[in-house]
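# Inside the fold
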Amino acid sequence: MSVTLDIRLKRANKVYHEAESVAGVIVLVCKEAMQHHGISLSMEGLVNLQLSSKSVGVFEAFYNSVKPIQLISCNIEVAKAGKIPGGKTEIPFEIPLQTKGNKVLYETYHGVFVNIQYTLRCDMKRSLLAKDLSRNCEFIVHCQPQKAKVVPTPVNFSITPDTLQNIRERNTLPKFLIRGHLDATNCVISQPLTGEVVVENSDVPIKSIELQLVRVETCGCAEGYARDATEIQNIQIAEGDVCHGLPIPIYMVFPRLFTCPTLETTNFKVEFEVNVVIVLHDDHLITENFPLKLCRV
């Protein structure tokens, strides 16, 4: 006998804040009446930490500090053992979003080495011959907005051969001057990152100008930590040899789920940076790095 189980949340965007209630319905659809041994619903919030391959085996102490951190865990009985009529059955539920003890609810974040995820799981127990049914549903937690106003701190930059680091032969470099500014490096996560870049002059034709958003994830403990930077997204803001002296706008929207307000805890850190990358025609890369501080207001 075919039966489908689904969890539907009341909020279409699935976004919740601490102390709110996560409400919705469990939907059961079956052709004819069916026996079950109880329906339960559990809510779980976990921080999963992973070590990059280069860090594995470096610190013994890591293996204790990278265990999953449980932020929230609760289980409720939705229906006692009994019978479900044929057709569509909706069972409403409501679970308060509250942490265990003195834990803090971090914002949902999907990274490479740090993952903060909140899920609902519905289990329906059935007789021995029929398979138990279960269904998972992820919901999103946003941290409480900060009360203080964010004062933008504009950053001006100027890139010349003399400002570059990590160079072997400085005298073989072509001459160039690239100026620009970012309107703020302490950014509101729901607003775009803006600014402009101007190529004043360049001896070598430019192939492309790109904007790269980078996550910097740190996992570890007092004995040591592993810091890994990985790319989230790369946006091309100019193609080919651009006009000199022409301001090129910088505009980047922070992607949902893959970014969160800058986070620092005892076991892990999540930070963000942006790179302005100029690709020259001979495929040389010139990169200017800016650390960002993201917050929610």
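Anything mentioned here points back to the structure above.
Everything numeric here is computed off the predicted structure, so don't read it as measured data.

## A look at the overall build of the protein
Within the protein one finds one helix and 21 strands. Rg of the C-alpha trace for the protein: 25 Å, well past the compact-globule value of 19 Å for 297 residues, more than 25% over. A buried classification covers 46% of the 297 residues belonging to the protein. Considering only contacts within the protein whose residues lie at least 6 apart along the sequence, 71% involve residues at least 24 apart. Counting every atom, the protein has about 16,100 Å² of accessible surface; 50% of that belongs to carbon and sulfur. Measuring between centres, the 30 positive side-chain charges of the protein sit 11 Å from its 32 negative side-chain charges.

## Observations concerning the side chain of N275
By secondary structure assignment, the location of N275 is in strand β20 (residues 268–280). A distance of 2.7 Å separates a polar atom in the side chain of N275 from a polar atom in the side chain of N289. Once residues within four sequence positions are removed from consideration, N275 is found in contact with E210, L211, Q212, V214, T287, E288 and N289.

## Here we look at the environment of L285
Inspection of the secondary structure puts L285 in strand β21 (residues 285–295). Through-space distance from the C-alpha of L285 to that of I209 is 9.8 Å; in sequence the pair is 76 residues apart. Once residues within four sequence positions are removed from consideration, L285 is found in contact with V277, I278 and V279.

## Quick word on the nonpolar core
Judged by nonpolar contacts, the single largest core of 78 residues is most densely connected at I116, F139, I209 and F268. Ranked by residue count, the leading element in this core is β20, at seven residues. Not counting chain neighbours up to four residues away, the residues in contact with F268 comprise V47, L49, I69, Y106, V114, I116, T218, C219 and L263.

## So, the sheet that holds strand β18 (residues 247–252)
Strand order in the open sheet formed by four strands is β12-β13-β15-β18, and the pairing between neighbours is antiparallel. For this open sheet the edge positions go to β12 (155–159) and β18, each flanked by a neighbour on one side alone. Within this sheet the neighbouring strands show an average axis-to-axis angle of 20 degrees, counted without direction.

## Re the pattern of salt bridges
Tallying each qualifying case throughout the model produces 10 salt bridges. D123 is the partner of R121 in a salt bridge, and the nearest nitrogen-oxygen pair spans 3.0 Å. Among the residues examined, R121 registers a relative accessible area of 35% and is labelled partly exposed. For E200, the salt bridge is made with R179, and the minimal N-O distance between the two is 3.6 Å. Separated by 21 residues along the polypeptide, E200 in strand β15 (residues 193–202) and R179 in strand β13 (residues 176–182) bring together distant segments of the chain. Residue class for E200 comes out partly exposed when judged on its relative accessible area of 32%. One salt-bridge network, in which partners are shared between bridges, spans D6, R8 and R135.

## Some words on the packing of aromatic side chains
All told, the structure shown has five aromatic pairs when counted by the stated rule. Considering the side-chain rings of Y16 and F139, the 5.9 Å spacing of their centres and the 90 degrees angle between planes classify their relative orientation as edge-to-face. Separated by 123 residues along the polypeptide, Y16 in strand β2 (residues 15–16) and F139 in strand β11 (residues 133–141) bring together distant segments of the chain. Accessibility assignment for this pair places Y16 and F139 in one class, buried. Among the aromatic residues, those joined into a cluster by ring pairs are Y16, Y118 and F139.

## Section: unusual backbone geometry
Non-glycine residue K14 carries a positive phi angle of around 60 degrees. Among the secondary structure elements, K14 is positioned in the loop between β1 (3–9) and β2. Even without being a glycine, D283 presents a positive backbone phi close to 65 degrees. Take D283: it is sitting in the loop between β20 and β21.

## Observations concerning the state of the cysteines
Per the stated rule, a full pass over the model turns up zero disulfides. Note on C295: no disulfide assigned, nearest cysteine sulfur contributed by C187 at a separation of 7.9 Å.

## Focus on the sheet that holds β1
Whether parallel or antiparallel, the strands of a sheet pair through hydrogen bonds between backbone atoms. Taken in spatial order, the three strands of this open sheet run β1-β3-β8, and their pairing is antiparallel. Of all the strands in the sheet, the pair left with one neighbour each is β1 and β8 (87–96). The sheet shows a mean angle of 20 degrees between the axes of neighbouring strands, direction not considered. Bridging between β1 and strand β3 (residues 21–30) involves seven bridges; their strand directions are antiparallel. In the sheet register, T4 faces β3, and the bridge partner there is V29.

Conventions and cut-offs
Residue positions are given per chain, counted from 1 along the sequence in the order it is written. Local features in this predicted model are restricted to residues of pLDDT 70 or higher, and side-chain atom pairs are both shown and tallied only at a pLDDT of 80 or more, whereas totals for entire chains, interfaces and linings draw on every residue. Hydrogens and water molecules were not included; the side-chain quantities draw on all heavy atoms of the structure. Secondary structure elements follow DSSP: runs of H or I of four or more residues count as helices, runs of E of two or more count as strands, with numbering from the N terminus. In this treatment the radius of gyration is a C-alpha quantity, and the globule benchmark scales as 2.2 Å times the residue count to the 0.38 power. Relative accessibility decides the category of a residue: with a 1.4 Å probe and only protein chains considered, values under 20% of the type maximum give buried, values over 50% give exposed, and everything between is partly exposed. A contact between two residues is defined here by any heavy atoms of the two lying within 4.5 Å. Per-residue and other accessible areas were derived by the Shrake-Rupley procedure at a 1.4 Å probe size, with only the shown protein chains allowed to occlude residues. In summary, the charge assignment counts Lys and Arg as positive and Asp and Glu as negative, without counting His or the chain termini. By convention, the point assigned to a charge is CZ for Arg, NZ for Lys, CD for Glu and CG for Asp. For this analysis, a polar contact is any N or O atom pair within 3.5 Å, provided that within protein one partner can donate a hydrogen and the other can accept it, and provided that sequence-adjacent residues contribute only side-chain to side-chain pairs. Side-chain atoms within 4.5 Å are what join buried Ala, Val, Leu, Ile, Met, Phe, Trp, Tyr and Cys residues into a set we call a nonpolar core. Here, a strand pair is defined by DSSP locating no fewer than two bridges between the strands. Axis lines are fitted to C-alpha atoms, over the contacting stretch for helices. Their N-to-C directions set the angle, which ranges from 0 to 180 degrees. The term salt bridge refers to a side-chain nitrogen of Lys or Arg lying within 4 Å of a carboxyl oxygen of Asp or Glu. Paired rings are identified among Phe, Tyr and Trp, the last through its six-membered ring, by centres lying within 6.5 Å, and are further divided according to the angle between planes into stacked (under 30 degrees), edge-to-face (over 60) and tilted (the rest). Our working definition of a disulfide is a cysteine sulfur pair at a distance within 2.5 Å.

Shape descriptors only; they carry no functional weight alone.
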